[in-house]
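Spelled out, the chains give:
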Amino acid sequence: MSFDTKKSWDACGAAFDRYTTTDDSFSDNIERPALATLLGDIAGARTLDLGCGSGTHSTWMAERGAQVVGCDLSSTMLALARQRARQHGVALELCLADISTALPFADQTFDLALTATALHYVADLATTMREIARVLQ
């Protein structure tokens, strides 16, 4: 039996979101501070969050002024991302998409692409990387 990524995230998305958004979470204390240092000022940047999950990184980037499009294959996770964006008073554009296939965006649409904890679900990384390169300016 093969692992069904979409079915798994649709089923466990809310529990995962609770786990990763606690005050002592790795994301809040390690990932996002490191990203802030690496990314610098992202205000106005058209940003793509691939495998955005419940929108923690998407919302964080939008709070810093980025125009964020988040993609995920789980409608459960996207519903959580919409809720998080509303709670934080930011706008996100969210789309249901599988990052292991052709991305639903025109060439050179984005200034920045981020993916956190999603690539290990992709069997053919070459295709995904070509798509990321295609949609970046």
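Summarised in this report is the structure supplied together with it. What you see is a predicted model; the values in this text were computed from it and never measured.

Residues other than glycine seldom take positive phi values, yet glutamine 108 does so here, at roughly 55°. Relative to the elements of secondary structure, glutamine 108 occurs in the loop between strand 3 (92–96) and strand 4 (112–115). Looking at glutamine 108, the relative accessible area reads 56%, which means it is exposed.

Take the pattern of salt bridges next. For the structure on display, the rule yields four salt bridges. A salt bridge links arginine 46 to glutamate 93, with the nearest nitrogen and oxygen atoms 3.6 Å apart. Residue arginine 46 is located in strand 1 (residues 46–50), and its partner glutamate 93 is located in strand 3; the two are separated by 47 residues in the primary sequence. Classification of glutamate 93 as partly exposed rests on a relative accessible area of 41%. In this structure, aspartate 107 engages arginine 134 in a salt bridge whose closest nitrogen and oxygen atoms are separated by 2.8 Å. Residue aspartate 107 is located in the loop between strand 3 and strand 4, and its partner arginine 134 is located in helix 5 (residues 125–135); the two are separated by 27 residues in the primary sequence. By relative accessible area, which is 24% here, arginine 134 ends up partly exposed. Here the salt bridges share partners, and the residues they tie into one network are Asp107, Glu131 and Arg134.

Attention now moves to the nonpolar core. If you look at the biggest cluster of nonpolar residues, it comprises 17 residues, and the most contacted ones within it are Ile42, Met61, Ala62, Ala66, Val68, Leu92 and Leu94. Elements with a contribution of two residues or more to this core: helix 3 (56–63), helix 4 (75–88), strand 3 and strand 4. Setting aside its immediate chain neighbours within four residues, leucine 92 contacts Ser58, Thr59, Ala62, Val68, Ala81 and Ala85. Ranked by size, the runner-up nonpolar core spans 14 residues in total, among them Leu50, Phe110, Val122 and Ile132.

For the rest of this paragraph, the subject is the packing of helix 2 (residues 26–39) against helix 3. Interhelical geometry of helix 2 versus helix 3 gives an angle of 45° and a closest axis separation of 12 Å. With respect to their mutual orientation, helix 2 and helix 3 come out oblique. The way helix 2 lies across helix 3 gives a crossing that is right-handed. Note on element contacts: helix 3 touches helix 2 through Thr56, His57 and Trp60, opposite Glu31, Arg32, Leu35, Ala36 and Leu39.

Each value, and the rule that gives it
- Residues numbered from 1 in each chain as written.
- Predicted model: local features only at pLDDT ≥ 70, side-chain atom pairs only at ≥ 80, totals over all residues.
- Heavy atoms only, no water.
- Helix = DSSP H or I, 4+ residues; strand = E, 2+ residues; numbered from the N terminus.
- Buried < 20%, exposed > 50% of the residue type's maximum accessible area, 1.4 Å probe, protein only.
- Salt bridge = Lys/Arg side-chain N within 4 Å of Asp/Glu carboxyl O.
- Core = buried A, V, L, I, M, F, W, Y, C linked by side-chain atoms within 4.5 Å.
- Contact = heavy atoms within 4.5 Å.
- Axes fitted to C-alpha atoms, helices over the stretch in contact; angles between N-to-C directions.
- Parallel < 35°, antiparallel > 145°, perpendicular 65-115°, else oblique.
- Left-handed = near helix turned anticlockwise from the far one by under 90°.

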